[in-house]
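If you want the building blocks of each chain, they are given just below.
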Amino acid sequence: MSLNESKRINQLKFIASIFSMSLHEINEIMGFETLTMIFRRVGEAAGNNVVKRLKGKYNSVEDFAKLLISHVIEPVLGGGKSTVQVEGNKVTINLGACPYKNAGFPIKNMSWFCEYTEGLFDSAMRGAFPDKKIETISGDRISQNCATCKFDLTCT
Amino acid sequence: MSKIDEAKKLLEDLQGRVPDISDLAIARTNGLVIYTLQKVASDAKSERMLGGMASALFSISKRAADELLKGNFKNLNVEIDKGTIFLIFTGKVILIALTRPEPNLGLLSLELEDAAGKLNTIFV
């Protein structure tokens, strides 16, 4: 590892530490729900950006869901950690790993991170298919000791 | 007399006049507690919590006043089954009052507004 890489990692560790401590303080003072609201909104904003980035690259819900995996999820989780299934008007996205858990966050106590992912999927689908009614249900969550995170997106 | 002494006397007099008040504190908008009568905030941790919560409540209320009514925040009244939390922004600091259940709201708001005005002259 070069000196620059080592310096960069230390900078990132410092930022991650400040971020984690900030979350702790927000949770203690303003409460869990405030964090779920913030992360939901950040996820929605990220979802809107994804729609702009993928504009013109898909023709169907299935195409879009696959693009979400390849362009958004896999760069974070790595290849082969997520699947997408389409059955009729229902898209099921399964995530086999949690980036927050992998980064060392105690995800069971910080499940507001899940709101980010749900908000991202939900707003991305709504933005990509503005004429359709989208309903997002997140059932299994790794933060609740499930093996995977499961998101069912119904598009009618 | 120092500013803290003036504020302390003001809070003690206020509590003496309004028996419904169980605790009083003054905090800066960034959550730093300037002075408290030290009942709820009896140690450093709970004082930090009181200041933090006052700052958060003030900040959200101020944003709501501006965003929803295009107005300026004056005070916040949170009714709880075990009492009431009053927050008054003096223009410089936040006056926080905790009360016993079912306080005399008329007397309380009058006295708190008066105290807030006096605090404004102390913390210029």
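To start, this report covers the structure provided alongside it. Since we're looking at a predicted model, the values are computed, not measured. (Residues numbered from 1 in each chain as written. Chains lettered and ligands numbered in written order. Predicted model: local features only at pLDDT ≥ 70, side-chain atom pairs only at ≥ 80, totals over all residues.)

### Some remarks on the overall build of chain B
Counting its secondary structure elements, chain B contains three helices and five strands. The helix and strand sequence of chain B, counted from the amino end, reads α-β-β-α-β-β-β-α. Looking at chain B as a whole, 31% of its 124 residues are labelled buried. (Helix = DSSP H or I, 4+ residues; strand = E, 2+ residues; numbered from the N terminus. Buried ≥ 20, exposed ≤ 12 C-beta atoms within 10 Å, placed from the backbone.)

### Considerations on the overall build of chain A
Within chain A, the regular secondary structure consists of five helices and four strands. For chain A, the succession of helices and strands along the chain, N to C, is α-α-α-β-β-α-α-β-β. In terms of C-alpha radius of gyration, chain A reaches 17 Å, essentially the compact-globule figure of 15 Å for 156 residues. Once the C-alpha set of chain A is aligned to its principal axes, its extents read approximately 50 × 40 × 30 Å. (Rg over C-alpha atoms; globule rule 2.2 N^0.38 Å.)

### Observations regarding the sheet that holds strand β3 (residues 134-138) of chain A
All names here are of chain A. Spatial ordering of the open sheet is given by β1-β2-β4-β3, a layout of four strands whose pairing is antiparallel. Whereas interior strands pair on both sides, the edge strands pair on one side only; in this sheet they are β1 (82-87) and β3. Ignoring strand direction, the axes of neighbouring strands in this sheet form an average angle of 15°. The pairing of β1 with strand β2 (residues 90-95) spans six bridges and is antiparallel. Residue pairing in the sheet places Glu87 in a bridge with Lys90 of β2. (Pairing = 2+ DSSP bridges. Axes fitted to C-alpha atoms, helices over the stretch in contact; angles between N-to-C directions.)

### Some words on the pairing of strand β4 (residues 149-155) of chain A
The side chains of a regular strand alternate, residue by residue, between the two faces of the sheet. All names here are of chain A. The alternating pattern of β4 places Cys149, Phe151, Leu153 and Cys155 on a buried face and Lys150, Asp152 and Thr154 on a face that is not buried. In this sheet, β4 lies alongside β2 in antiparallel orientation, the contact comprising six bridges. Pairing of Lys90 across the sheet is with Thr154, part of β4. With five bridges joining them, β3 and β4 adopt antiparallel strand pairing. Looking at the pairing, Ser138 lines up with Phe151 of β4.

### Some words on the packing of helix α1 (residues 3-30) of chain A against helix α2 (residues 32-54) of chain A
For any two helices packed against each other, one specifies the crossing angle of their axes together with the interaxial distance. Residue and element names in this part refer to chain A. Viewed as axis vectors pointing N to C, α1 and α2 meet at an angle of 125°, and their least axial separation amounts to 6 Å. In terms of axis orientation, α1 runs oblique to α2. Contacts from Leu23, Ile26, Asn27 and Met30 in α1 reach Phe32, Thr34 and Leu35 in α2. Of the residues that constitute the contact of α1 with α2, the class distribution is five nonpolar, two polar and no charged. (Parallel < 35°, antiparallel > 145°, perpendicular 65-115°, else oblique. Contact = placed C-beta atoms within 7 Å. Nonpolar A, V, L, I, M, F, W, Y, C, P; charged D, E, K, R; others polar.)

### Remarks on the nonpolar core
Counting residues in each nonpolar core, the largest one holds 28 residues, and the members touching the most others are B:Ala27, B:Leu87, B:Ile94, B:Leu95, B:Ile96, B:Ala97 and B:Leu119. Taken together, the elements giving at least two residues each to this core come down to α1 (3-17), β1 (21-27), α2 (44-69), β4 (83-89), β5 (94-99) and α3 (105-122) of chain B. Look past the residues within four positions of B:Ile94 in its chain and what remains in contact with it is B:Ala27, B:Thr29, B:Ala54, B:Phe58, B:Leu87 and B:Phe89. Formed by 27 residues, the second largest nonpolar core is a distinct cluster that contains A:Ile93, A:Phe121, A:Ile134 and A:Phe151. (Core = buried A, V, L, I, M, F, W, Y, C linked by C-beta atoms within 7 Å.)

### Some thoughts on α2(A)
Helical geometry note: an α-helix holds 3.6 residues per turn, so side chains three or four residues apart project in the same direction. Residue and element names in this part refer to chain A. Spanning 23 residues, α2 covers 33 Å between terminal C-alpha atoms, matching the ideal 33 Å at 1.5 Å per step. When α2 is considered as a whole, its buried residues turn out to be Phe39, Arg40, Gly43, Glu44, Gly47 and Val50. Looking at the buried side of α2, the elements it contacts are α3 (61-77) and α5 (112-128). In the segment just after α2, Gly56 is the residue with positive phi, at about 85°. (Expected span 1.5 Å × (residues − 1).)

### Comments concerning unusual backbone geometry
Phi is mostly negative for residues that are not glycine, and the peptide bonds are mostly trans. Backbone geometry places A:Asn145, a non-glycine residue, at a positive phi of 70°. With respect to the secondary-structure elements, A:Asn145 resides in the loop between β3 and β4. Residue A:Asn145 is classed as exposed on the basis of its 9 C-beta neighbours within 10 Å. One non-glycine residue, B:Glu102, lies in the positive phi region at around 50°. Turning to its location among the elements, B:Glu102 is positioned in the loop between β5 and α3. Taking the C-beta count within 10 Å as the criterion, B:Glu102 has 10 such neighbours and is therefore assigned exposed.

### Quick word on α1(B)
All names here are of chain B. For α1, built from 15 residues, the straight-helix expectation of 21 Å at 1.5 Å per residue is met to within 8% by its first-to-last C-alpha distance of 21 Å. Here α1 has its buried residues at Ala7, Leu11 and Leu14. When α1 is viewed along its axis, its buried side chains cluster within an angular range of 60° and face the same direction. Away from its buried face, by an angle of more than 90 degrees, α1 presents the exposed residues Asp5, Lys9, Glu12, Gly16 and Arg17. If you follow the buried residues of α1, they end up packed against β1, β2 (33-36) and α3. (Arc of directions from axis to C-beta.)

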